[in-house]
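Coordinates in review
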Amino acid sequence: LFKFGKMELNGAGTQLIVRKQGFFNAFRTFIPNIPSISTVTIYMIDRPISGSFQHNTGGTIGLPNGASVTVPPNAVVTATGAPYMGEVVVSAYWLDPTDVQALSQMPGDLRGYSIDNDQVQLATYGMMVVELETPSGEPLNLGNGLNATLTFPVDPSLLGSAPAIIPVWSFNESTGYWEEE
């Protein structure tokens with residue numbers, strides 16, 4: 001529970017970021033009720049260690065629900081972009097769109113910008129949060145022009161409306177919008 005005193009908010013949407021040790025950062029975009037009191041609910045997701053691999057071999061980390069992330073060899077760099085050598089610790093979580101709490105756990109409000117810079121409203125067939133770090137907790141990134149592969153199931157109830165190809169979108173933590181890649 002939190003409360004801010006009287007403050008000016010963006011009527012097109014205000015982003016809150018909540019951080020707590022042991023949880024993934026939570027991002028919630030909401031449109032304030034002007035001029036009354038605004039309320040917003042934020043659900044945080046536990047941030048367990050899902051697995052690890054060595055930088056030079058890469059690895060696939062599977063999640064209990066059938067989702068996985070595969071990182072190729074020598075794809076990991078430090079926060080400054082320098083090549084990283086050593087064990088890579090992975091924390092990952094798949095958001096199942098059929099879970100009633102998933103929409104409250106998803107970052108932002110599913111507004112995004114297409115590759116043509118058009119503002120769009122997204123629907124989801126699922127999404128993953130994946131964080132890489134050193135064994136001592138220093139953040140790591142993908143680099144060297146390499147990509148990870150995310151795999152996750154599509155619920156049978158969504159298969160009828162699911163397109164054959166879905167573009168890749170990532171959440172921009174600075175702007176609060178999803179961006180097509």
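Check the entry above for the structure.
So, here is what we can say about the structure in this document. All values reported here derive from a predicted model rather than from experimental measurement.

Now for the nonpolar core. In terms of nonpolar packing, the biggest core is built from 16 residues, with Phe53, Val76, Val88, Val90 and Met128 touching the most fellow members. Elements represented by at least two residues in this core include exactly β5 (68–71), β7 (87–95) and β10 (127–133). Here this core takes 4 residues from β7, the largest share from any one element. Residue contacts for valine 90: discarding those within four places in its chain leaves Pro48, Ile49, Ser50, Gly51, Phe53, Ile61, Val69, Val130, Glu131 and Leu132. In this structure, Phe24, Ala102, Leu110 and Trp178 belong to the second largest nonpolar core, which totals 11 residues.

Let's shift gears to the environment of valine 77. Checked against the element boundaries, valine 77 lands in strand β6 (residues 76–78). Sequence-wise, valine 77 and asparagine 144 are 67 residues apart; in three dimensions their C-alpha atoms are separated by 7.7 Å. Discounting chain neighbours no more than four positions away, the residues touching valine 77 are Ala82, Pro83, Tyr84, Leu140, Asn141, Leu142, Gly143 and Asn144.

Applying the stated criterion to the full structure yields 3 salt bridges. Measuring nitrogen to oxygen at the nearest pair gives 2.6 Å for the salt bridge that ties arginine 47 to glutamate 131. Pair noted here: arginine 47 is in the loop between β2 (26–30) and β3 (51–54) and glutamate 131 is in strand β10, with a separation of 84 residues, a long-range link. Here glutamate 131 falls in the partly exposed class, since its relative accessible area comes to 25%. Measuring nitrogen to oxygen at the nearest pair gives 2.8 Å for the salt bridge that ties arginine 111 to aspartate 109. Overall, arginine 111 belongs to the buried group, its relative accessible area being 13%. Linked through salt bridges whose partners overlap, the residues forming this network are Arg47, Glu131 and Glu133.

Cut-offs used in this document
- Residues numbered from 1 in each chain as written.
- Predicted model: local features only at pLDDT ≥ 70, side-chain atom pairs only at ≥ 80, totals over all residues.
- Heavy atoms only, no water.
- Core = buried A, V, L, I, M, F, W, Y, C linked by side-chain atoms within 4.5 Å.
- Buried < 20%, exposed > 50% of the residue type's maximum accessible area, 1.4 Å probe, protein only.
- Helix = DSSP H or I, 4+ residues; strand = E, 2+ residues; numbered from the N terminus.
- Contact = heavy atoms within 4.5 Å.
- Salt bridge = Lys/Arg side-chain N within 4 Å of Asp/Glu carboxyl O.

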